[in-house]
Amino acid sequence: MIERILPSRVVVEEAFSDPPHATLFPAEEELVRNSVEVRRREFTTVRHCARRALGALGVAPAPILKGERGAPVWPRATVGSMTHCTGYRAAAVAHRADVRTLGIDAEPHAPLPDDVHDSIALATEQRRERELRGQNPGIHWDRLLFSAKESVYKTWFPLTHRWLGFEQADIVLRPDGSFTAELLVPAEELVARADVVAGIVPDAVSDVVPGASSGTQPRPSAAPPSVPRELRGRWLVADGLLATAIVIENAPDTP
């Protein structure tokens, strides 16, 4: 499903149920040792999807652990994003040489609870939602807005390792299946961390993840690229689900 809104440089694997043969590495097992069964199944299946997608990139199976704020730590030279909701799990990955960062999210195509909506939607977004509902009442625009903001955060955090609140992204959803997100943060925060750009991960992670780069490696001397003020994404609704995705691709090398 979600591959329909992602570029060809991104490899996607998805599942609509939990395969019984999906397994975890011991280090991953430890992360969900005290979790309820539903959480364990989601965690296991989405990592199963991620390993299959990474395998298509030629990356050997390895643990996908949690880093800062619970973000997944991907093997060196790769970027990725995972999502899961009732009846759906997906992982999207790409070579870092092709894609700087990406974020995906899937949700049930159902109304967002009012208390959640009020806490995540700006006044400008609520006004645009009312207009969209008038044009197409069959779409749950409130849930779509929430999903788009989730994709924004998943795109933002791997580059900056900074928190981004729901109120710090102004989303413009469009009926044609596209959306934009204006990042409402100071200009100095629109700078990717140099170690993140270089694919360096903490030593504690590199010790258990084959191919992960060590935090002790020297940082690049070149200034890190900035994060675009405006992010562009796509969305779709299908089979009782909705999905959003943002990908920042690297420009191809100039001959």
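The sections below set out a description of the structure shown in this document.

About the cut-offs
Residues numbered from 1 in each chain as written. Predicted model: local features only at pLDDT ≥ 70, side-chain atom pairs only at ≥ 80, totals over all residues. Heavy atoms only, no water. Salt bridge = Lys/Arg side-chain N within 4 Å of Asp/Glu carboxyl O. Helix = DSSP H or I, 4+ residues; strand = E, 2+ residues; numbered from the N terminus. Buried < 20%, exposed > 50% of the residue type's maximum accessible area, 1.4 Å probe, protein only. Pairing = 2+ DSSP bridges. Axes fitted to C-alpha atoms, helices over the stretch in contact; angles between N-to-C directions. Contact = heavy atoms within 4.5 Å. Phe/Tyr/Trp six-rings, centres within 6.5 Å; stacked < 30°, edge-to-face > 60°.

The next subject is the pattern of salt bridges. Taken as a whole and judged by the stated rule, the model has 14 salt bridges. Here D18 ties to R41 by a salt bridge, and the two come within 3.5 Å at their closest N and O atoms. With D18 in the loop between β1 (11-15) and α1 (26-31) and R41 in helix α2 (residues 37-56), this residue pair connects regions lying 23 residues apart in the sequence. Where E28 meets R51, a salt bridge forms, and the shortest distance between an N and an O atom there is 2.8 Å. Here the residue E28 occupies a position in helix α1, and R51 occupies one in helix α2, the gap between them amounting to 23 residues. Each member of the pair, E28 as well as R51, carries the same accessibility label: buried. Where salt bridges share partners, they join D18, R41 and R89 into one cluster.

If you walk across this open sheet you meet the three strands as β1-β3-β2, and the pairing is antiparallel. With partners counted over all chains shown, the strands left at the sheet margins are β1 and β2 (78-85), one partner each. Adjacent strand axes in the sheet meet at a mean angle of 10° when their direction is disregarded. Of the strand pairs in this sheet, β2 and strand β3 (residues 88-95) are connected by eight bridges, and their pairing is antiparallel. Following the sheet pairing, V79 is matched in β3 by A94. Running over the sheet, α2 touches β1, β2 and β3 and is turned about 30° from β3.

Here the focus is the packing of aromatic side chains. Pairs of aromatic rings are described using the distance from one ring centre to the other and the angle between the two planes. In this structure the tally under the stated criterion is five aromatic pairs. For the pair Y153 and F157, a centre-to-centre distance of 5.6 Å together with 25° between the ring planes defines the contact as stacked. Separated by four residues within a single helix, Y153 and F157 lie in helix α5 (residues 141-160), roughly one turn from each other. Taken together, Y153, F157 and W163 form an aromatic cluster joined through their ring pairs.

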